[in-house]
Amino acid sequence: IVVDAGNGAGGFYADKILEPLGADVSASQFLEPDGSFPNHAPNPENKEAMASICRRVVESGADLGLIFDTDVDRSSAVDRNGKEISRNGIVAMAAALIAKEHPGTTVVTDSITSDELTEYLEQCLGLKHLRFKRGYKNVINKSIELNGQGIDSQLAIETSGHAAYKENYFLDDGAYLATKIVIKAAQLMQHGEGIEVLLSSLKEPKEAVEIRFPITGENFGDYGEEVLCGLKEWADAHAAEGISVVEPNYEGVRLNFKRSGLSGWCLLRKSLHDPIMPLNVEVTEGSCEEILGEVKGFLKEYPRISLK
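Below or above, wherever it landed, is the structure these notes cover. Here the structure is a predicted model, which means the values were calculated and not measured.

## Some points on the sheet that holds strand β5 (residues 106-109)
Stage number 1. Pairing within the open sheet is mixed, and its 4 strands lie in the order β6-β5-β7-β8. Looking at the sheet topology across the chains shown, the edges are occupied by β6 (128-131) and β8 (163-165). The average angle at which neighbouring strand axes cross in this sheet is 15 degrees, direction not considered.
Stage number 2. Pairing between β5 and β6: 4 bridges, direction parallel. Within the sheet, the bridge partner assigned to Val108 lies in β6 and is Leu130.
Stage number 3. In the packing of helix α3 (residues 88-96) onto the sheet, contacts are made with β5, β7 (155-157) and β8, and the angle to β7 comes to roughly 165 degrees.
Stage number 4. This element, helix α5 (residues 136-148), spans β5, β6, β7 and β8 of the sheet and lies at about 155 degrees to β5.

## Some remarks on the state of the cysteines
Stage number 1. Scanning all chains against the criterion turns up 0 disulfides.
Stage number 2. We note that Cys229 lacks a disulfide partner, and the nearest cysteine sulfur, in Cys266, lies 16 Å from it.
Stage number 3. Judged by relative accessible area, Cys229 falls into the partly exposed class, the value being 46%.
Stage number 4. You can see Cys288 has no disulfide; the closest cysteine sulfur is in Cys266, sitting 10.0 Å from it.

## Re a nonpolar patch on the surface
Stage number 1. A cluster of nonpolar side chains, namely Phe12, Ile17 and Leu21, defines an oily patch on the protein surface of about 280 Å² accessible area.
Stage number 2. On the secondary structure map, Ile17 appears in helix α1 (residues 12-18).
Stage number 3. Owing to a relative accessible area of 31%, Ile17 belongs among the partly exposed residues under this scheme.

## Observations regarding unusual backbone geometry
Generally, phi is negative for residues other than glycine and the peptide bonds are trans, each holding for most cases.
Stage number 1. The omega torsion of the bond from Glu247 to Pro248 falls at -5 degrees, within 30 degrees of zero and hence cis.
Stage number 2. Examined against the element boundaries, Pro248 turns out to sit in the loop between β10 (243-245) and β11 (253-259).
Stage number 3. Despite not being glycine, Asn7 has its phi angle at roughly 65 degrees, a positive value.
Stage number 4. Tracing the backbone shows Asn7 in the loop between β1 (2-4) and α1.
Stage number 5. Judged by its relative accessible area of 7%, Asn7 is buried.
Stage number 6. Even without being glycine, Phe30 reaches a positive phi, approximately 60 degrees.

## Comments concerning the pattern of salt bridges
Stage number 1. Enumeration according to the criterion identifies 16 salt bridges in this entry.
Stage number 2. With a shortest N-O distance of 2.8 Å, Glu196 and Arg80 are connected by a salt bridge. Of this pair, Glu196 sits in the loop between α6 (174-189) and β9 (207-214) while Arg80 sits in the loop between β3 (75-78) and β4 (84-85), and the two are 116 residues apart along the sequence.
Stage number 3. Assessed through its relative accessible area of 19%, Glu196 is described here as buried.
Stage number 4. Taking the relative accessible area as the measure of exposure, Arg80 reaches 35% and is therefore partly exposed.
Stage number 5. For Glu225, the salt bridge is made with Lys270, and the minimal N-O distance between the two is 3.1 Å. Of this pair, Glu225 sits in helix α7 (residues 220-237) while Lys270 sits in the loop between β12 (262-268) and β13 (276-285), placing them 45 residues apart in sequence.
Stage number 6. Using a relative accessible area of 26% as the deciding quantity, one classes Lys270 as partly exposed.
Stage number 7. The network of salt bridges with common partners includes Glu45, Asp69, Arg74 and Arg87.

## Some thoughts on the pairing of β3
Stage number 1. Neither face of β3 is exposed, since Ser75 and Ala77 on one face and Ser76 and Val78 on the opposite face are all buried.
Stage number 2. Examined bridge by bridge, strand β2 (residues 65-68) and β3 share 4 bridges and lie antiparallel to one another. Bridge assignment links Leu66 to a residue of β3, and that residue is Ala77.
Stage number 3. In sequence, β2 turns back onto β3 through a hairpin of 6 residues, with Val72 there showing a positive phi of about 65 degrees.

## Things to note about the environment of Lys296
Stage number 1. Mapped onto the secondary structure, Lys296 falls in helix α8 (residues 288-299).
Stage number 2. Given the relative accessible area of 27%, Lys296 is considered partly exposed.
Stage number 3. Between the C-alpha atom of Lys296 and that of Leu307, which follows or precedes it by 11 residues, the distance is 7.2 Å.
Stage number 4. Sequence-distant contacts of Lys296, defined by excluding residues within four places in its chain, comprise Phe213 and Leu307.

## Details of the sheet that holds β1
Stage number 1. Strand order across the open sheet formed by 4 strands is β1-β2-β3-β4, with mixed pairing between neighbours. Of all the strands in the sheet, the pair left with one neighbour each is β1 and β4.
Stage number 2. Contacts from α6 reach β2 and β3 within the one sheet, and its direction differs from that of β2 by about 175 degrees.

What counts, and where the lines are drawn
- Residues numbered from 1 in each chain as written.
- Predicted model: local features only at pLDDT ≥ 70, side-chain atom pairs only at ≥ 80, totals over all residues.
- Heavy atoms only, no water.
- Pairing = 2+ DSSP bridges.
- Helix = DSSP H or I, 4+ residues; strand = E, 2+ residues; numbered from the N terminus.
- Axes fitted to C-alpha atoms, helices over the stretch in contact; angles between N-to-C directions.
- Contact = heavy atoms within 4.5 Å.
- Disulfide = S-S within 2.5 Å.
- Buried < 20%, exposed > 50% of the residue type's maximum accessible area, 1.4 Å probe, protein only.
- Patch = residues over 30% accessible without salt bridge, like charges linked within 9 Å, V, L, I, M, F, W, Y side chains within 5 Å.
- Areas by Shrake-Rupley, 256 points an atom, 1.4 Å probe, with all protein chains shown as cover.
- Salt bridge = Lys/Arg side-chain N within 4 Å of Asp/Glu carboxyl O.

Right, here's the structure in full:
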């Protein structure tokens with residue numbers, strides 16, 4: 001097993017957890033804490049960080065890779081083929097690990113998860129998917145709320161790698177998720193399989209992008225709300241062109257695009273803290289550029305949104 005702590009606090013997981021259990025962790029990297037982070041950002045969402053551990057897994061012939069963020073409350077994984085298990089993949093993995101024990105449970109995720117993930121959770125695993133808001137406390141609190149209402153919800157997780165299980169008191173604990181992955185990987189290895197077998201039914205979008213549009217001027221929150229209200233009206237006015245507003249939706253405005261040669265979705269929302277409006281776009285047919293072009297055309301009516 002390759003452990004990549006990114007010179008954060010997660011190096012203990014290799015030598016104090018895995019090695020005493022008999023794992024070969026000799027190919028692990030960046031285990032020593034160093035606040036200057038000389039090798040790559042300690043962030044499973046960082047492209048350079050993921051590329052680094054993917055290379056290491058392939059070069060060393062490891063069976064599994066695990067990568068942590070600085071304080072180990074987030075984690076992602078890499079399969080034996082060097083393919084990253086992150087974003088929608090880590091959500092799917094975390095859910096697959098509890099699906100048999102908790103059939104029908106509701107998995108609460110952040111707002112930018114894909115339609116393919118919903119299909120995997122509900123049709124392949126037999127679970128329920130509640131796409132909620134960005135922010136790990138938001139998804140955790142929603143899951144706790146559901147349980148208080150008598151609706152079983154065993155997992156709250158963001159695509160960032162923040163995962164909180166009910167069985168672990170809803171702590172967002174990257175080492176706990178990593179441990180569940182290691183246990184399952186060890187069981188699968190007894191049958192000659194890798195951890196990637198769990199995700200064999202998870203479909204991937206053809207293309208996915210995220211664009212972040214700055215908002216200039218004061219009262220950016222109110223202006224962002226004005227933009228979102230306008231986007232709903234714009235979508236309703238273009239319904240004949242295969243554009244529809246997704247409901248229910250708990251953050252921003254999510255639109256489906258379905259027409260000849262184009263199938264996908266986009267989500268425009270306000271940043272939690274900054275004068276930014278992130279736009280996520282995914283397609284299974286056509287190109288993200290087509291959806292992006294239409295949304296930019298709408299945003300031209302709002303001069304405080306910077307499109308550069």
